[in-house]
Amino acid sequence: MSRFFKHRWLLLAALVGLVASFPPQWYPDAWRIELSQWLGAPAYRALPESEPAAPRSVRAYCPEETPDYRAEYNIAGVRISASPVCQADNPWAVAAFVRGTNQVGPEVLMKSGLAPDTVEKGADLDGDGDPDEIHIRLEVAELNGASPESSEPVMQFEMAPGIKPGLWVFTPRYVGMATENFESLRAREGIRAPSPAIRVEQGDRVLITLENTHYMPHTLHLHGSDHAFRDVSGEGNDGVPIASELPIMPGQSRTYELQLRNTGTKFYHCHVQPQVHVMMGLQGLFIIEENRPDNWLQTLNIGAGHVRASSVGVRAQYDREYDLHYTDVDAELNSMIQASNDVRTVTESMHRRYDVTEATSDYFALNGLSFPFTFRESLVLTKPGERIKLRVVNGGRDGMGLHTHGHTMTVTHRDGIASPPAARVTRDVVWIAPAQRLDLELDTRNDGIGAFGPGIWLFHDHGSRAITSDGIGPGGHISAIVYEQELGPDGWPRTSGVSWDPFFTEAYYQRRLPVWEAYAPGWFGEAGSDGRLLLRIILMAFFLGLFLALLMDSARRA
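Residues numbered from 1 in each chain as written. Predicted model: local features only at pLDDT ≥ 70, side-chain atom pairs only at ≥ 80, totals over all residues. Heavy atoms only, no water.

1. Topic: helix H9 (residues 343-353)
Note on helix geometry: an α-helix contains 3.6 residues per turn, so any two residues three or four positions apart are oriented the same way.
Thought 1: What H9 keeps buried is the set Val346, Ser349 and Met350. Projected down its long axis, H9 carries its buried residues within an arc of 85°, all on one side. In H9, the exposed residues that point more than 90 degrees away from the buried face are Arg344, Arg352 and Arg353.
Thought 2: Residues of H9 that are buried make contact with strand S8 (167-172), helix H5 (274-277), helix H7 (331-334) and helix H8 (336-339). (Buried < 20%, exposed > 50% of the residue type's maximum accessible area, 1.4 Å probe, protein only. Helix = DSSP H or I, 4+ residues; strand = E, 2+ residues; numbered from the N terminus. Arc of directions from axis to C-beta. Contact = heavy atoms within 4.5 Å.)

In structure tokens form, the structure reads like this:
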């Protein structure tokens, strides 16, 4: 055993060096207090200087890709209201959805990008001046999915700077390429999240053909809408594989039949493995308008948001109308389609490995976008003294408390059912359960109750998670009620708070920028390295290595 202690003095020296070099700030508080009583309090140590933040590339707040879309138009006899937000919908597509893609000329159809049979409108069955036979054709598209030819996701759709989760969406039929061009990986205009809001009229005979252009089975369930369990041929018409019908396999199609008796804001979604497929984005608003004479409807509202050609009934009561579709994303689930393009691997990971009971929501979107991109197209614009109709659906996993700044909201309908006037409530926070729809009325008269006056007033879920993107705030589905006098000429609100530059960088949402770096870099920037702490760590590592080496050598000799 004497040989084991051959290095005892060196071992002791290494142990003393290890203890002496251990950083005092790493000791437990009780030890530090005891040491200060024995040895006295340590001298003041100045904090290290702040380090400058890394250079960043700031996106344009309002890219001028489609400035000609924002004006008021009259196309094919359809009056399309102005939409002065930064990025507005394609007005030629709006006109085609109102008249029917089978009823507009080649110029309108070409500028819309739609196929001639995307929305076919037929006979006026009740003789009131508008079509009552509607045939809608939908496909299934994958956004931000894997490709065998590129390490980058394809059919790219960006929710916020650098945030591109994998998504599935229902989409109208387009002609031509699914991407912008041969060289681009970005999805073309109109192929995007969320799935389009669908509008039809009470009493219409509606056919919706789902052409499954995806690699997994899908169906269409018309949640809350008036439809028979089976169609006239006896085939299932509810879209539920465990009760109604076999799912639509890749390359196949099925037509769902409806003749709608009641009005209201409804919902539609895939019902194949709904715990996965609905949360991947296969869901949309389904709206049944009141039967009115000469009631030409905007059958599809791409990306939801502002309804630029409202129904006769809505125009009689309201100055504007907005569809607001809230969703959320579990990064674990949505990234699975980016790991492989082998359908067997994707199916296994999504439907056998993934456990929805352990799901967490990481990203939160309004009309497919997260802050700050919500300010590009998902603002609720108004003028003083207007009445605005909001149709809201919660397509996420959890309930949400929708809160408006500077305004209150009156709940007029729940799940498409009108509330009696005496039962209507007005408040600034409304609760919306998953899959629930609310019709809300905003009255912007400056009376101190309905509205507090012009401004840029946020609206958002008051839950703390939904105003972040993967925990980084501000993010999520924050948007705003904006009075037009507060807009700049490009449609961007004239905010007067902090600089938004950090929010328009990928670095901010990758946690690489201090949250207040833009206006307080010396106070809350990156803390510089402490040279003395670094030296202690190096010495501690040296003495620890020496001690272990000597200990192992002594054990070997013994």
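2. Some words on unusual backbone geometry
For residues besides glycine, phi is generally negative; the peptide bonds are generally trans as well.
Thought 1: In this structure, the amide linkage connecting Ala193 to the following residue, Pro194, adopts the cis form with an omega of -5°.
Thought 2: Locating Pro194 in the fold gives a position in the loop between S8 and strand S9 (197-201).
Thought 3: A cis amide bond links Phe371 to the next residue, Pro372, at an omega of 10°.
Thought 4: Topologically, Pro372 is positioned in the loop between strand S17 (363-366) and helix H10 (374-377).

3. Digging into the environment of Ala541
Thought 1: Within the fold, Ala541 resides in helix H13 (residues 531-557).
Thought 2: Taking the C-alpha atoms as reference points, Ala541 and Phe22, separated by 519 residues in sequence, lie 9.4 Å from one another.

4. As for the state of the cysteines
Thought 1: Throughout the structure, instances matching the rule amount to one disulfide.
Thought 2: Paired through a disulfide, Cys62 and Cys86 show a sulfur-sulfur distance of 2.0 Å. Its S-S torsion of about 120° marks the bond between Cys62 and Cys86 as right-handed, since a negative value means left-handed. Placement of the pair is Cys62 in the loop between strand S1 (50-51) and strand S2 (73-75) and Cys86 in the loop between strand S3 (78-80) and helix H3 (91-99), with a sequence separation of 24 residues.
Thought 3: Assessed through its relative accessible area of 5%, Cys86 is described here as buried. (Disulfide = S-S within 2.5 Å.)

5. Focus: the sheet that holds S9
Thought 1: Sheet architecture is open: four strands sit in the order S12-S13-S9-S14, paired in mixed fashion. Sheet topology places strand S12 (264-269) and strand S14 (300-301) at the edges, where each strand pairs with a single neighbour. (Pairing = 2+ DSSP bridges.)

6. Some details on the domain arrangement of the chain
Thought 1: Along its sequence, the chain is carved into domain 1 (8-42 + 528-557), domain 2 (69-121), domain 3 (122-292 + 332-359) and domain 4 (374-496).
Thought 2: Spacing between the C-alpha centres of domain 3 and domain 4 amounts to 26 Å.
Thought 3: Counting residues at the interface gives 18 residues for domain 3 and 13 residues for domain 4.
Thought 4: Here domain 3 packs against domain 4, burying approximately 1,200 Å² in sum over the two surfaces, 50% of which is carbon and sulfur.
Thought 5: The tally of links between domain 3 and domain 4 comes to two salt bridges.
Thought 6: For the pair domain 3 and domain 4, the number of links is six residue pairs in polar contact (both at pLDDT 80 or more).
Thought 7: Elements that contribute at least two residues to the side of domain 3 that touches domain 4 include exactly S12 and strand S13 (283-289). (Domains from an automatic or database assignment. Buried area = accessible area lost by both parts, 1.4 Å probe. Salt bridge = Lys/Arg side-chain N within 4 Å of Asp/Glu carboxyl O. Polar contact = N/O pair within 3.5 Å; in protein donor to acceptor, adjacent residues only side chain to side chain.)

7. Quick look at the sheet that holds strand S27 (residues 479-483)
Thought 1: Here five strands make up an open sheet; going across it, the order is S18-S27-S26-S20-S24 and the pairing mixed. Both edges of this open sheet fall to strand S18 (380-382) and strand S24 (429-432), since each of them pairs with a single strand only. Strand-to-strand twist across the sheet, computed as the mean angle between neighbouring axes with direction ignored, equals 20°.
Thought 2: Pairing of strand S20 (residues 400-404) with strand S26 (residues 456-461), which is carried by three bridges, proceeds in the antiparallel orientation. Paired with Thr404 across the strands is Phe459, a residue of S26. (Axes fitted to C-alpha atoms, helices over the stretch in contact; angles between N-to-C directions.)

8. A word on the side chain of Lys121
Thought 1: Mapped onto the elements, Lys121 comes out in strand S4 (residues 119-121).
Thought 2: Of the side chains bearing the opposite charge, Asp204 lies closest to the buried Lys121, which forms no salt bridge; the N-O distance is 7.4 Å.
Thought 3: One polar contact links Lys121 to Thr299, side chain to side chain, over a distance of 2.8 Å.
Thought 4: Not counting chain neighbours up to four residues away, the residues in contact with Lys121 comprise Phe97, Val98, Arg99, Gly100, Asn102, Gln103, Pro131, Glu133, Ile134, Leu297 and Thr299. (Lys, Arg positive; Asp, Glu negative; His and termini not counted.)

9. A short note on the pairing of strand S16 (residues 320-329)
Thought 1: With 10 of 10 residues buried, S16 is to be regarded as a mostly interior element.
Thought 2: What you see with S16 is no split at all: Arg320, Tyr322, Leu324, Tyr326 and Asp328 on one side and Glu321, Asp323, His325, Thr327 and Val329 on the other are buried throughout.
Thought 3: Note that strand S15 (residues 305-306) and S16 share two bridges and pair antiparallel. Each residue of the ladder has a partner; that of Gly305, found in S16, is Asp323.
Thought 4: Summarising the sheet, S16 and S17 pair through four bridges and their orientation is antiparallel. Considered in S17, the bridge of Asp328 is made with Phe364.

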